[in-house]
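# Chains, contacts and geometry: an overview
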Amino acid sequence: MRHGFSAVVVVAAGMVAACSKKESPAPAPVAAAARSHVEDAPHAHAAPHGGLVESTPRGHLELVTTRAGGYRVYLLDASLAPRPVDGATGSVKVAKGGYPDVTLTPAGDHLAGQGPEHGDDHLAMVVTVVKDGKPEVARFAAHLEANGHGNGLVGTLRVAPCPATPPEGLSAADCAKQGGVYSLVRDGGATTLVLAAPGQDAKGLLSTRVGQRVHVKGTEAEGRVVAEAVALEHDHTPFHGGVVAMSGDTHLEVLSLRSGEVRVWVTDAFRQPLPLAGRKGVVEVTGASAPLVPEAGGAYLSGTLPASDVEREVTVRLPMPEDAEYFIGFLLTPTDAPKSAAKPEATGGEAVQEVTITVQGGYQPSEVTLKQGVPARLRFVRKDSGGCGDELLIPDFGIQRPLPGLTETVVSFVPDKVGTFEFTCGMQMMKGQLVVK
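### Thoughts on the overall build of the chain
- When helices and strands are counted, the chain shows two helices and 34 strands.
- Here the chain holds 437 residues, and 49% of them are scored as buried.
- Across the chain, contacts joining residues at least 24 apart in sequence account for 53% of those joining residues at least 6 apart.
- When the accessible surface of the chain is split by element, carbon and sulfur atoms take 53% of a total near 19600 Å².

Below you can see the structure in the form of structure tokens.
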């Protein structure tokens, strides 16, 4: 059973913490963070010590945590070089009811602390570090599976047919037995050969992960890694501007709008949309509640509370396969409804409306406004691979296009009629809409 409390403060990280079924979720204090030095220029986060790295106003924090309850926090500058920890103090808040705050103290080149052993595989943690009187705060989504999920090499697992001469370390017989040559395509395009460690069932270890983002735990040398364990990478990116939490392998993203509407997207372990037909829940704030039901397009659950433009505690109650009485609380700052208006662009004297749409478990933005009669250019950027996102359908404009994974596909057409028109993936599980005016 997993219940949580997730808090978000403007430009500050949120936190997930456990709640009792008999008690109302109570806000957990989370310090507000200043605007990050990278907020306007996203960049890759390597992990110098094999942990998880997040940006802060003073650089970066790297968290290395273990299932046994050990914590190491490294202070890094903007280029990921170490910063001194002399005189620094810190703490770790763990999103688990009854779990004590862990105090961090200097230990060589990092801060260290020890808490109770963890029994959960996925936990949100908020790290606060104070140095020279200045606090910095970062939120981490830690994965603590016994097989080392969250550590090791990260990339997309691929398989190719066995060549006439298999790569060194893989015999022709073993290649045939495991079903091909496996490789890991790392961020940046580098490819690493993946071999199974001695005693491992290579096909069982690798074949079910092909096409997915994974963590590979093992020994790396000379362009290859001998894998001891392979686990799926969980992506907690908020695709719709909300806050993401988990129950088992189910992800929930919750967005609060100033109108009072609360939207809940429900996705699987791969952040692919789950069917919502027949799924119902309740959304609550102090003194009011509303049913959560699928919206007309079936993309998310929706419930309408009294309008608000101030931060408030919102509780979502939604039956889960592993917990019929599951609920989770969020401290949410209401926003405007996400939508995007196309920006006209002059090309050779002809105006073009252009919008970039990110495809990763859904469409972001999911609503695009276009002007009738003006050529439109929609740039669909796939951040994942496989699944129903491989195809795009805009039936009202006769569009059916493949969307290859991990690349950009440009769809050009002229919206020649006024109205609201749906665009979907090939299985019609991911949905968005074009509003032509």
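### What to know about the state of the cysteines
- In the structure shown here, the tally under the stated rule is one disulfide.
- One disulfide in the model links Cys-162 with Cys-175; its S-S distance is 2.0 Å. When the S-S torsion is -110 degrees, as for the bridge of Cys-162 with Cys-175, the disulfide is left-handed. With a gap of 13 residues between them, Cys-162 in the loop between strand S11 (153–160) and helix H1 (172–178) and Cys-175 in helix H1 connect regions that are remote in the sequence.

### Some remarks on the side chain of Arg-83
- With respect to the helices and strands, Arg-83 occurs in the loop between strand S5 (70–76) and strand S6 (89–94).
- A polar contact is formed between the side chain of Arg-83 and the side chain of Glu-136, at a distance of 3.1 Å.
- Excluding its chain neighbours within four sequence positions, the residues that come into contact with Arg-83 are Thr-56, Arg-58, His-60, Leu-61, Leu-75, Leu-76, Asp-77 and Glu-136.

### Overview of the pattern of salt bridges
- Summed over all chains, the structure comprises eleven salt bridges.
- Among the salt bridges present, the one from Arg-377 reaches Glu-354, with a minimum N-O distance of 2.6 Å. Placement of the pair is Arg-377 in strand S29 (residues 376–382) and Glu-354 in strand S26 (residues 350–359), with a sequence separation of 23 residues. Note on accessibility: Arg-377 and Glu-354 belong to one class, buried.
- Among the charged side chains, a salt-bridge network with shared partners connects Glu-354, Arg-377, Arg-379 and Glu-408.

### What about the packing of aromatic side chains?
- The final tally for this structure, using the stated rule, is six aromatic pairs.
- An angle of 80 degrees between the planes, with centres 6.3 Å apart, marks the rings of Tyr-363 and Phe-380 as edge-to-face. With Tyr-363 in strand S27 (residues 363–364) and Phe-380 in strand S29, the pair connects residues that are 17 residues apart, well separated along the chain. Each member of the pair, Tyr-363 together with Phe-380, is buried.
- A centroid spacing of 5.1 Å and a plane angle of 45 degrees characterise the contact between Phe-397 and Phe-413, whose relative ring orientation is tilted. Placement of Phe-397 in the loop between strand S30 (391–394) and strand S31 (399–402) and of Phe-413 in strand S32 (residues 408–413) is noted, with a sequence separation of 16 residues between them.

### Brief notes about the pairing of S30
- Pairing geometry for S30 and S31, over four bridges, is antiparallel. Counted as the bridge partner of Ile-394 is Ile-399 from S31.
- Both S30 and strand S33 (residues 419–425) contribute to a ladder of two bridges, which runs antiparallel. The residue bridging Leu-392 from the neighbouring strand is Cys-425, located in S33.

### Here's the deal with the environment of Ala-190
- In this structure, Ala-190 sits in the loop between strand S12 (181–186) and strand S13 (191–196).
- Taking the relative accessible area as the measure of exposure, Ala-190 reaches 46% and is therefore partly exposed.
- With 35 residues separating them in the primary sequence, Ala-190 and Gly-155 have C-alpha atoms 9.4 Å apart.
- Each residue touching Ala-190, except ones within four places of it in the same chain, is listed here: Leu-184 and Val-185.

### Some remarks on unusual backbone geometry
- Here the residue pair Gln-364 and Pro-365 is connected by a cis peptide bond, since its omega of 0 degrees sits within 30 degrees of zero.
- Its identity as a non-glycine residue notwithstanding, Asp-132 has a phi of 55 degrees, on the positive side.
- As for its placement among the helices and strands, Asp-132 is situated in the loop between strand S9 (122–131) and strand S10 (134–143).
- The exposed category is assigned to Asp-132, whose relative accessible area is 60%.
- If you check the backbone angles, Glu-222 has positive phi at about 50 degrees while not being a glycine.
- By secondary structure assignment, the location of Glu-222 is in the loop between strand S14 (213–221) and strand S15 (224–232).

### Let's talk about the pairing of S32
- A one-sided burial pattern is seen for S32, the buried positions being Thr-409, Val-411 and Phe-413 and the unburied ones Glu-408, Val-410 and Ser-412.
- Of the strand pairs in this sheet, S29 and S32 are connected by six bridges, and their pairing is antiparallel. Across the sheet, residue Arg-379 finds its bridge partner in S32, namely Val-410.

### A short note on the confidence of the model for the chain
- On average, the chain scores 79 in pLDDT, and the residues at 70 or more come to 79%.
- Low pLDDT, under 50, characterises residues 1–45; the stretch is placed with 126 contacts to residues that sit more than four places away or in other chains.
- Every residue in residues 146–151 scores below 50 in pLDDT, and together they form 19 contacts with partners more than four places removed in sequence or on other chains.

### A few points about the environment of Asp-174
- Looking at the element boundaries, Asp-174 is found in helix H1.
- On the accessibility criterion, Asp-174 (42% relative accessible area) is partly exposed.
- Here the alpha-carbon distance between Asp-174 and Cys-162, two residues twelve residues apart in the chain, equals 9.7 Å.

### Comments concerning the side chain of His-118
- Within the secondary structure, His-118 is located in the loop between strand S8 (110–114) and S9.
- Of note is the side chain of His-118, whose polar atom sits 2.7 Å from the side chain of Tyr-71.

### Some remarks on the environment of Asp-77
- Inspection of the secondary structure puts Asp-77 in the loop between S5 and S6.
- By relative accessible area, which is 24% here, Asp-77 ends up partly exposed.
- For the pair Asp-77 and Gly-59, spaced 18 residues apart in the sequence, the C-alpha separation amounts to 4.3 Å.
- Sequence-distant contacts of Asp-77, that is, excluding residues within four places in its chain, are made with Arg-58, Gly-59, His-60 and Arg-83.
- Only 2.9 Å separates the side chain of Asp-77 from the backbone nitrogen of Ser-79, close enough to count as a polar contact.

Criteria and cut-off values
- Residues numbered from 1 in each chain as written.
- Predicted model: local features only at pLDDT ≥ 70, side-chain atom pairs only at ≥ 80, totals over all residues.
- Heavy atoms only, no water.
- Helix = DSSP H or I, 4+ residues; strand = E, 2+ residues; numbered from the N terminus.
- Buried < 20%, exposed > 50% of the residue type's maximum accessible area, 1.4 Å probe, protein only.
- Contact = heavy atoms within 4.5 Å.
- Areas by Shrake-Rupley, 256 points an atom, 1.4 Å probe, with all protein chains shown as cover.
- Disulfide = S-S within 2.5 Å.
- Polar contact = N/O pair within 3.5 Å; in protein donor to acceptor, adjacent residues only side chain to side chain.
- Salt bridge = Lys/Arg side-chain N within 4 Å of Asp/Glu carboxyl O.
- Phe/Tyr/Trp six-rings, centres within 6.5 Å; stacked < 30°, edge-to-face > 60°.
- Pairing = 2+ DSSP bridges.
- pLDDT = per-residue confidence, 0-100.

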